[in-house]
Amino acid sequence: MTFGKGFSLGFRSFFKGFEIVFSDWRLSLFLLIPLILNVIIIWGGANAFDALADWVRNWLLSLFGINGSDSGFLSKAISFVITYLFRFIFFLTFIYVGGYVVLAVMSPVLAFISEMTEKKLNGKDYPFSGEKWMRDMVRGIIIVLRNLFIEIGLIILVFAVGFIPVLGQIVSLFGFIFLFIVSAYFYGFSFLDYCMERRNMKIGESVRFIRKNKGLAIAIGGLFGLCLIIPFCGTILGTFTCIFATAGASFAMTEYEKMQHA
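Residues numbered from 1 in each chain as written. Predicted model: local features only at pLDDT ≥ 70, side-chain atom pairs only at ≥ 80, totals over all residues. Heavy atoms only, no water.

## A closer look at the pattern of salt bridges
Pairing between side chains of opposite charge can happen when their charged atoms approach one another. For the structure on display, the rule yields eight salt bridges. Measuring nitrogen to oxygen at the nearest pair gives 2.9 Å for the salt bridge that ties glutamate 19 to lysine 16. Of the two residues, glutamate 19 and lysine 16 are both situated in helix H1 (residues 3-22); the distance of three residues between them amounts to about one turn of the helix. Glutamate 255 is paired through a salt bridge with lysine 258; the nearest N and O atoms lie 3.4 Å apart. (Salt bridge = Lys/Arg side-chain N within 4 Å of Asp/Glu carboxyl O. Helix = DSSP H or I, 4+ residues; strand = E, 2+ residues; numbered from the N terminus.)

Okay, structure coming up:
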């Protein structure tokens, strides 16, 4: 499949995922899980963020010999800088790795959704097996971690090259776009791999399949990635969007196989 055909199929499949999920009440029920998960993430994340910011703030104030209850200019300035610096770091972190956190946490659910979707589309029966479900979940997490470490390596490389004169300026201009495309590729890989596992493909075989169908993976993963970079609510949306993307990836695989046998 050419890059263009794959991208077109992936783009259509992503939105088809919405139709598939909302047309089946059993799949729609899975949307309750992100709802509960987001309550936990928001509550736990806010408390962890506040605790870390307060610790750093108090540590810096102690370096300057300022009492934590001091309301002077320097104390206010340090508090302001620390608060907004941590928010900026938090935002950047979730742009680049937040999607992987979502995929790892949601992996047990996504494995089940992928299987249910394909059963709905092609009529094949996939009897529930706790052992198989556990294997799917573990494999999904392994894929997520593999892709995360590769992307972190690329991020470090891009930032390192950014310090090289002239070349660094070019990298700074196109680096974000490059990293977004890389993220899209790996996100799409994660969604499609659930289908690969059902076809008894080993991880290496799955890697080769995705490399040959980059357009398919980038389209599905890119639309998911766009949701993640929406300021302030991207990660929250991502926990819902990954359900639709997984259903869309299963649809894409059934369509891909039809095209191969046409």
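## Focus on the packing of H1 against helix H9 (residues 234-261)
At a minimum axis distance of 7 Å, the contact between H1 and H9 shows a crossing angle of 120 degrees. As the angle between them shows, H1 and H9 are arranged oblique. For H1 against H9, the interelement crossing comes out right-handed. Of H9, the residues touching H1 (which contributes Leu9, Ser13, Phe14, Lys16, Gly17, Phe18, Ile20, Val21 and Phe22) are Thr241, Ile243, Phe244, Ala245, Ala247, Gly248, Phe251, Ala252, Glu255, Tyr256 and Met259. (Axes fitted to C-alpha atoms, helices over the stretch in contact; angles between N-to-C directions. Parallel < 35°, antiparallel > 145°, perpendicular 65-115°, else oblique. Left-handed = near helix turned anticlockwise from the far one by under 90°. Contact = heavy atoms within 4.5 Å.)

## Focus: a positive patch on the surface
A cluster of like positive charges, contributed by Arg208, Arg211, Lys212 and Lys214, occupies part of the molecular surface. The biggest single contributor to the positive patch is helix H7 (residues 203-212), with three residues. Tracing the sequence through the fold places lysine 212 in helix H7. (Patch = residues over 30% accessible without salt bridge, like charges linked within 9 Å, V, L, I, M, F, W, Y side chains within 5 Å. Areas by Shrake-Rupley, 256 points an atom, 1.4 Å probe, with all protein chains shown as cover. Lys, Arg positive; Asp, Glu negative; His and termini not counted. Charge placed at Lys NZ, Arg CZ, Asp CG, Glu CD.)

## Here we look at the nonpolar core
Leu110, Phe191, Ile220, Cys242 and Ile243 are the most contacted members of the largest nonpolar core, which has 51 residues in total. Among the elements of the structure, H1, helix H4 (73-122), helix H5 (130-161), helix H6 (167-198), H7, helix H8 (214-228) and H9 are those that each provide at least two residues to this core. Take this core: its biggest share by element is 11 residues, from H6. Leave out the neighbours within four places in its chain, and phenylalanine 191 touches Leu103, Leu110, Ile220, Phe224, Cys242, Ala245, Thr246 and Ala249. (Core = buried A, V, L, I, M, F, W, Y, C linked by side-chain atoms within 4.5 Å. Buried < 20%, exposed > 50% of the residue type's maximum accessible area, 1.4 Å probe, protein only.)

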